[in-house]
Every structure is written in C-alpha cells, then in structure tokens.
Amino acid sequence: MPKFLLLFEQSYMSKLKAKSFYITTFIMLLGVTAFFMWPTISGWFSSNEKPMTITVSDQTENSAIAYFRDNKKITFKPAERSVKQEEHQVLTGKIDALLLLSLKSDGRLDAELRTKKPLELNTQQMLEEQVRAASQLFTIQQLKLTADQAQRVMNQNVLFNQKVIAPDADTGKSSQQKTTATFVSYAVALIIYLFVLSYLSIISSEIAAEKDSRIMEIIISSTSPIVHLLSRVCGVLALAMTQFIVLIGSALIMARSFQSGKYWYLLSDLFSSLTAGYIVFAVLFFFFACILYTLMGAVLGSLVNKVQDVGQAVMPVTMVLMIGFFIAISGMSNPDTLLIKIFSFVPFTASMIMPMRIGATDMSLWQGFFSLLILIATIFVLFMLSLRFYRGSVLTYTNGSFIKKIKQAIQLSK
Amino acid sequence: MTLTIEHLTKRFQDFLAVDDLNFVAEQGEIFGLIGQNGAGKTTTFRMILNLLAPSSGIIKWADASVHTLDRDMIGYLPEERGLYPKMPVEEQLMFFGRLRGCSKAVLKAQIDDWLERFRLSDKRRALTETLSKGNQQKVQLITSLIHKPHLLILDEPFSGLDPVNAGLLKDAIVSLKNQGTVIIFSSHRMDHVEELCDHICLLKNGKSLFTGAIVDLKKQYGKINLTVRGPFAETELLKLPGVISVLKDKDMYRLLLSAEDDARPIFQTLTKDGFIERFSLDYLSLEELFKRKVASGHA
C-alpha cells in the first residue's frame, strides 16, 4: 500500500474512532434535531403558560376595546372598576396590566399601559402592534367609511415591479431570491465558521502531538515530509466531509419526517429559488475554505513545540475567521456595503462573504470567479511555502516568534 | 554493507553542530556514538536519516550515497518516545511495520514473535498510554526493528529500562547484529556502550575526540586502575610512588596510577610482608575515559 494511503487511513480512522468525534457529531445532531422539532419543543413549554390578562379602561365612548383581539399570549377584558381600583388590582398582581384608552383632541386614539414591572420585549412589540391595528380600525370607523372602503384601506398591497432598462443589462434577481440567498449564505457562513474552527484545531493538535512525541521523525525518516503533510490534510478533510454528510443526511431525513414534511417543502422552495450557479459557488467556496484552513492548521501545528501551544498558535487564524463571520452577519441587513465588497476578495474571509454577494446582490459573476481564483492561488502559494519549510519546521524545537521559527525551518530544510 | 561517514559537517548559521566527522560502521557491527548532551549525536543521526542535509561531507552506504538505501531498510529509535498513546500495542506495531513496507501477513508473525520475546504478549490489546515506561520503551524498540532493517539507529535505547528489560533489549540488539545489521547506537550509559560496541566515536561540541576500537582508547592510557584489598592505611597507599589518588570503596581501595609501569614496584611493596587478598590491575572504564576525554577536550 502506498505510504500516503497508509498515513491517510491511519489519520482518518484514528479520528473517526475517537470518542470526541462521536460526541461532537452527537451534539451537532442534537442541535439539528432541536431545530426541526422546535415547534413541538416550544409547545411543551408554552402549553402551560397563562396568557397575559390586560384590563382595558375604555374612555373613548366609542367602544375602542372592540378592536383588540385576544391571542395565545394576551387576553383583553373590559374594566369593571374605577381606574384607581384597577391600578390597585395591577399592583396586587390580580391582573397583569391596565390599558387606558382615550381620545385625543384631533380624534386619534391614545393608549397608555400601566404595569407593575416592565414588559418583555416580545410582549411589548406584540402589544404595540395590537394598539396600532386597533387605532387604524378605530380611525376608519371614525371616518365613517363603507365596509368596502375600509377593506381596501386595510388590505392595501403595494404592487412594486422593478425593470432594468439598459439594453445589455442583466434583469437582476427578485427580492425573494435575494432574501433567500441571504438566509442560505448566512447558513453557509455559519457552517464554514463552525467546521473550519473545529477542524483547524484538530489538524494543528494532531501534527503538534506527532512532533512533540517525535513520531514525526520516525514517519519522515520513512517517507517524505510532504507525503505526511498531504496525508494529514486529506485525512482531516475526509473526516470533516464525513461529519458534514452525516449532518446534512440527518437534516434531510428529519426535514422529511418531522412536522409532516413541512420543512421538506420549505427547503424545496428555498432551493428552487436559488440559482445553480449560486449553489456551485457556495460548495466550491466551502470546499476550498476547508482546504485553506486545514493547510494553515497543519503548518501552524508543525511550528509549535508542544500540543498545549496550539491554542495560542491558531489564535490569529481564529480571529480572522471570526472577523469574516461577523462581516457575513452584517451582510444580512445590507449585502452591498463597501466592507462586504472588500472582504469578499480577501482569501481568508471570501468563502463566508462572497456566496452572499453572489446570491443577494446583482454583481457580475466574474467577481465570484476572481475571488475563487484568489482563494485557490493562496492555497497554492501556501502549499509551495509549506513544501519549502515543512521538513525543517517539524525538526525545529526552539522557542521564539513564528517568524524566527519559519526562518530556522527554511534553514533546516535546505 | 558498510556505513561510511567522511568529513561530515553541519553548520547552522554561526553554530557548528558537527565538525569534520569520520567513521566507518561495518556490517554486523554495533557502533557507539557517545558524547554529552548537545555534542552533535542527534544531528548526525538526522543527517544519516536524510532528515537534515549535511553542510559538507559524504555519507555512504555500500560505496553509494546513503540516500540510495531504501528507506524501508532503515530502523530508527528516537531519544524521545514516539508512539501514539491512544493506539493499542498490536495496531501500533502493525502501523509502523507497514510504514516500513512490510505486509500485514509478514508482520502478524513478527509481532507474535517480538511480543513473546519482550514478554508483552498479554499487552497486545492494551492502549500504549496504559503501559509502564519500560514497556513503552520495549514497544518503541520493536517498532524500530520489526521490519528487519539493514541499518538501525538507536538513540538512547536503554532509558527507562530496568536491568531485566535492559538485558532483553541487549539480547535483541546482539541478535540483529549477528544477522548482519549495521547498528549505530548512542547512550549515556557507558557500561552498555562498553558491553555492546566494538567501535566508538566520542563527540564533544560536534568534534570527534576519539574514533576507533574501545580497546585502542583504553590502551592509550594503559592499565592504571589498581584495586587492592588488605591491611593498608589510605595515607600509606597515597605515599606509594606513582599513585595519583586513592579512593576507599567499601573494604577495598581504588588507586589511580600515573603509568602502568608503576604497578610492579607497588606490588612488591604491598606484598613484602606476604599475602594480600586482592591486587587487580585494569584499564580505565569507558566512563572514566569518557570523563577524562571530555574534560581534556583533546583529540
């Protein structure tokens, strides 16, 4: 058996059989399961939750209370006592809140909520929405519109169409396509961030441990250091892909099985609104990001003397990853900022940002190709550099800065 | 098959790690490379293993460059233990054996044999990290020789071994030597070097202080190690002509003479009153020679 295959098999199988692999996969599967079962899980907790009771003291003389609708979280009931007495009820905890409705001089509805303690943001927003809707209905009633007129005001949907009139221009993506791509790109960035972060540390630790225990010396006395480097990179990539396939496979099965396949149709809709080009780019960026960071992890692992130094060594790379991820998050609200544009060409962050630009903006595709090319070129340059000093770096045990170690490694590799 | 080192030099910028080293290790010979920490032993090993390129000089295997030697024909035991702690012993031996080009079928028989020889048969499925330091060292040694190498490099093979296990290891090394393997060996334990090696190279700061047969090194100083047991006083022995120092060792005295020729008149003086229990003249031990050579630092 060629030595590359032997080393690859050993690297892949040893980690596949490790408890840590099972534990991390299990935790991730748990997360995926929780995502698909969320409606059921939240049902368990909210079924016993009592809705908030709000007493409405209506001083409008026009029965404004009629426009407030009960829901699962809030129930409205008319006040039966004076405001003072109802306030007392609030303070003693018998009712949750008191809503005072009155008319302003210009005929608008004025609402004031009196509570014992501040409301949760979610309830606050829901209540504001209720008051706004009630206010609209109240105003319509005050204007004495016919039922048809009122209906038209309430259900007024704006029909907005965009048309590019330049003769050679692309027609552009629809707003829905862009929103979907933004959402999917966020998921892609999150997957890249989580995978790269965990596998970066796995490969660095593996190589540092082999160096620390001098196994490395035995291996590279038997085969070339580059065969060792490639076998380790491929072993870890194969492990990452295995975990990825397990997670995606399980997610698809769960989407099909849970909630009567609701998620499956949702996913089908989601993917049908994505272009094939976007999917190909997202996959390629994911794949090359894994290669880039695994290679970086291997090189960093070869430069440290002890396994416990790995965390410190990979810290700058982790920071770069985090920067990329946070910039990708910022693109959720606006994927057209200058920051996003710049970092979509930086090879270390492009994989998390460029798919978002491809899907959620109308940029020309050559930018995506160019960014991918820069990423591949960076991997190539890094690989060529590793060829130069990997042999030396695994034999370097001096302390000092990374620059000093790299210099010494190059010296030893000559 | 012979390993020949000619004018081997390794320089790291301003630091001369190995300086014009020359020696020959013949087939079926155990060659000792000895020196203090930092003397250049590991650098020399790394150059022989092609992990480091020499700054100048030649390393030859059977009149060709050592790089023509199939890597699978080399065995290497590094000074620090290089084993996968979470891997069972048998799997570990199988992995390193396959790494040196052996098939699983061949290795299976070899593993059984070596585990039996090193009394590790009951540990074959144990994780390496659960073994004692001595047992780990034995596993490490098996990994370096399971593929029957033509050239075996052993860097401190006896560290962590008790006398019984050290004996097992010595037997294994001698057995390989008898099969024709060239063995290069380094150790701080001079008694082991003296027992196993025919020829040595004594290194200090990368430079050879002595290269040749141990017996020739001993002859340089002559038989100046005298042990006596009898009714003598230490002060009386120290006054004898040619005696440099006297050391009381339990019921004996160890005398260091300035020359071998001083022994005869001392014998006559000590036996003038008749019988004495012990009068034993010998060469300096390798450890004593090593200390003297390193202290003087002259080739």
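Since we're looking at a predicted model, the values are computed, not measured. (Residues numbered from 1 in each chain as written. Chains lettered and ligands numbered in written order. Predicted model: local features only at pLDDT ≥ 70, side-chain atom pairs only at ≥ 80, totals over all residues. Heavy atoms only, no water.)

Participant: What am I meant to see in the overall build of chain A here?
Facilitator: When helices and strands are counted, chain A shows 16 helices and 4 strands. Taken over the C-alpha trace, chain A has a radius of gyration of 30 Å; the compact-globule value for 414 residues is 22 Å, which it surpasses by more than 25%. In terms of its C-alpha atoms, chain A occupies a principal-axis envelope of roughly 95 × 65 × 45 Å. Per-residue burial for chain A yields a buried fraction of 41% across its 414 residues. Sequence separation of at least 24 residues holds for 71% of the intrachain contacts in chain A that already meet a minimum separation of 6. As presented, chain A carries roughly 22,600 Å² of accessible surface, and 64% of it is formed by carbon and sulfur atoms. (Helix = DSSP H or I, 4+ residues; strand = E, 2+ residues; numbered from the N terminus. Rg over C-alpha atoms; globule rule 2.2 N^0.38 Å. Buried < 20%, exposed > 50% of the residue type's maximum accessible area, 1.4 Å probe, protein only. Contact = heavy atoms within 4.5 Å. Areas by Shrake-Rupley, 256 points an atom, 1.4 Å probe, with all protein chains shown as cover.)

Participant: Just to check I follow, could you spell out the overall build of chain B for this structure?
Facilitator: Counting secondary structure elements, chain B contains 10 helices and 14 strands. Within chain B, buried positions represent 52% of all 299 residues. Summed over its atoms, the accessible surface of chain B is roughly 13,600 Å², and 50% of this surface lies on carbon and sulfur atoms. For chain B, the centre of its 39 positive side-chain charges and the centre of its 39 negative side-chain charges are spaced 3 Å apart. (Lys, Arg positive; Asp, Glu negative; His and termini not counted. Charge placed at Lys NZ, Arg CZ, Asp CG, Glu CD.)

Participant: What am I meant to see in the packing of helix α7 (residues 175-212) of chain A against helix α9 (residues 225-257) of chain A here?
Facilitator: Between two packed helices, the angle of one axis relative to the other and the distance separating the axes together describe the packing. Residue and element names in this part refer to chain A. The interhelical angle for the contact between α7 and α9, taken along N-to-C directions, is 145°, at an axis separation of 10 Å. Seen from above, α7 lies across α9 with right-handed handedness. For the pair formed by α7 and α9, the contact residues are I191, F195, Y199, I202, I203, E206, I207 and E210 on the first element and H228, R232, V233, V236, L239, A240, Q243, F244 and L247 on the second. Residues belonging to the contact of α7 with α9 are distributed by class as follows: 12 nonpolar, 2 polar and 3 charged. (Axes fitted to C-alpha atoms, helices over the stretch in contact; angles between N-to-C directions. Left-handed = near helix turned anticlockwise from the far one by under 90°. Nonpolar A, V, L, I, M, F, W, Y, C, P; charged D, E, K, R; others polar.)

Participant: Even after reading the chapter, I still don't get the packing of aromatic side chains, so can you show me in this structure?
Facilitator: To describe a pair of aromatic rings, one takes the distance between the centres and the angle between the planes. Scanning the entire structure with this criterion turns up 26 aromatic pairs over all chains. Ring geometry for F21 of chain A versus Y22 of chain A: centroids 6.2 Å apart, planes at 70°, classification edge-to-face. Take F21 of chain A: its relative accessible area is 10%, and that puts it in the buried class. Here Y22 of chain A falls in the exposed class, since its relative accessible area comes to 52%. Taken together through their ring pairs, the aromatic side chains of Y186, Y193, F325 and F326 of chain A make up a single cluster. Over the aromatic face of Y263 of chain A sits the side chain of K262 of chain A, whose NZ or CZ is 5.6 Å from the ring centroid. Positioned above the aromatic ring of W114 of chain B is the side chain of R117 of chain B, whose terminal nitrogen or guanidinium carbon lies 4.0 Å from the ring centre. (Phe/Tyr/Trp six-rings, centres within 6.5 Å; stacked < 30°, edge-to-face > 60°. Lys NZ or Arg CZ within 6 Å of the ring centre and 35° of its normal.)

Participant: I tried to follow the UniProt feature "domain: ABC transporter" (unreviewed entry) in chain B on my own but got confused; where do I start?
Facilitator: Following the UniProt record, one finds the feature "domain: ABC transporter" (unreviewed entry) at residues 3-230 of chain B. Secondary structure over residues 3-230 of chain B splits into 34% helix and 29% strand, and the C-alpha atoms at its two ends are 50 Å apart. (UniProt positions renumbered as here; feature names shortened; annotations may be inferred.)

Participant: How do you make sense of the domain arrangement of chain A when you look at a structure like this?
Facilitator: Accessible area lost when the parts come together is the quantity often used to give the size of an interface. Segmentation of chain A into domains returns domain 1 (3-33 + 170-413) and domain 2 (51-154). Spacing between the C-alpha centres of domain 1 of chain A and domain 2 of chain A amounts to 53 Å. (Domains from an automatic or database assignment.)

Participant: Help me understand the pairing of strand β1 (residues 52-58) of chain A, please; the structure alone is not making it clear to me.
Facilitator: Across a regular strand the side chains alternate sides, sitting on one face of the sheet and then on the other. Residue and element names in this part refer to chain A. Counting buried positions along β1 gives 5 out of 7 residues, so the element sits mostly inside the fold. The pairing of β1 with strand β2 (residues 74-78) spans 5 bridges and is classified as parallel. Paired with T53 across the bridge in β2 is T75. (Pairing = 2+ DSSP bridges.)

Participant: Quick question: what am I supposed to make of the pattern of salt bridges here?
Facilitator: Opposite charge on two side chains lets them pair, provided their charged atoms get close. If you walk through the whole model with that rule in mind, you get 28 salt bridges over all chains. In this structure, the salt-bridge partner of R81 of chain A is E86 of chain A, at a minimum N-O distance of 3.6 Å. One salt bridge in this structure joins D19 of chain B and K207 of chain B, with 3.2 Å as the shortest N-O distance. Of the two residues, D19 of chain B is situated in strand β2 (residues 15-25) and K207 of chain B in strand β10 (residues 207-213); the sequence distance between them amounts to 188 residues. (Salt bridge = Lys/Arg side-chain N within 4 Å of Asp/Glu carboxyl O.)

Participant: How should I be thinking about the sheet that holds strand β12 (residues 243-249) of chain B in this particular structure?
Facilitator: In any sheet, the strands associate via hydrogen bonds between backbone groups, in a parallel or an antiparallel arrangement. Residues and elements named next belong to chain B. Pairing within the open sheet is antiparallel, and its 4 strands lie in the order β12-β13-β11-β14. With one partner strand each, in any of the chains shown, β12 and β14 (278-282) form the two edges of the open sheet. Direction aside, neighbouring strands of the sheet carry axes that sit 20° apart on average. Where β12 meets strand β13 (residues 252-257), 6 bridges bridge the pair, whose relative direction is antiparallel. In the strand pairing of β13, L247 is matched with R254.

Participant: Is there a simple way to explain the domain arrangement of chain B in this structure?
Facilitator: The domains assigned to chain B are domain 1 (3-218) and domain 2 (223-282). Spacing between the C-alpha centres of domain 1 of chain B and domain 2 of chain B amounts to 41 Å.

Participant: What's the story with the nonpolar core in this structure? I'm lost.
Facilitator: Generally speaking, nonpolar side chains in soluble globular proteins are found buried as a group. If you look at the biggest cluster of nonpolar residues, it comprises 175 residues, and the most contacted ones within it are L3 and I184 of chain B. Ranked by the residues each element gives to this core, the list is headed by helix α11 (residues 276-303) of chain A, at 15 residues. In this structure, I184 of chain B is in contact with L3, F23, A25, F31, F45, L151, L152, I153 and L154 of chain B, ignoring residues within four places of it in sequence. Of all hydrophobic cores here, the second largest spans 15 residues; its members include M52, V56, I74 and F138 of chain A. (Core = buried A, V, L, I, M, F, W, Y, C linked by side-chain atoms within 4.5 Å.)

Participant: Looking at this structure, I do not really get unusual backbone geometry. What am I missing?
Facilitator: A negative phi angle is the norm for most residues apart from glycine, just as the trans form is the norm for most peptide bonds. All names here are of chain B. Of note, H7 is a non-glycine position whose phi angle comes to about 50°, a positive value. Inspection of the secondary structure assignment puts H7 in strand β1 (residues 3-12). Owing to a relative accessible area of 48%, H7 belongs among the partly exposed residues under this scheme. The backbone phi angle of D63 is positive, close to 70°, even though this residue is not glycine. Residue position: D63 is located in the loop between β4 (56-61) and β5 (64-65). Classification of D63 by relative accessible area gives exposed; the value is 69%.

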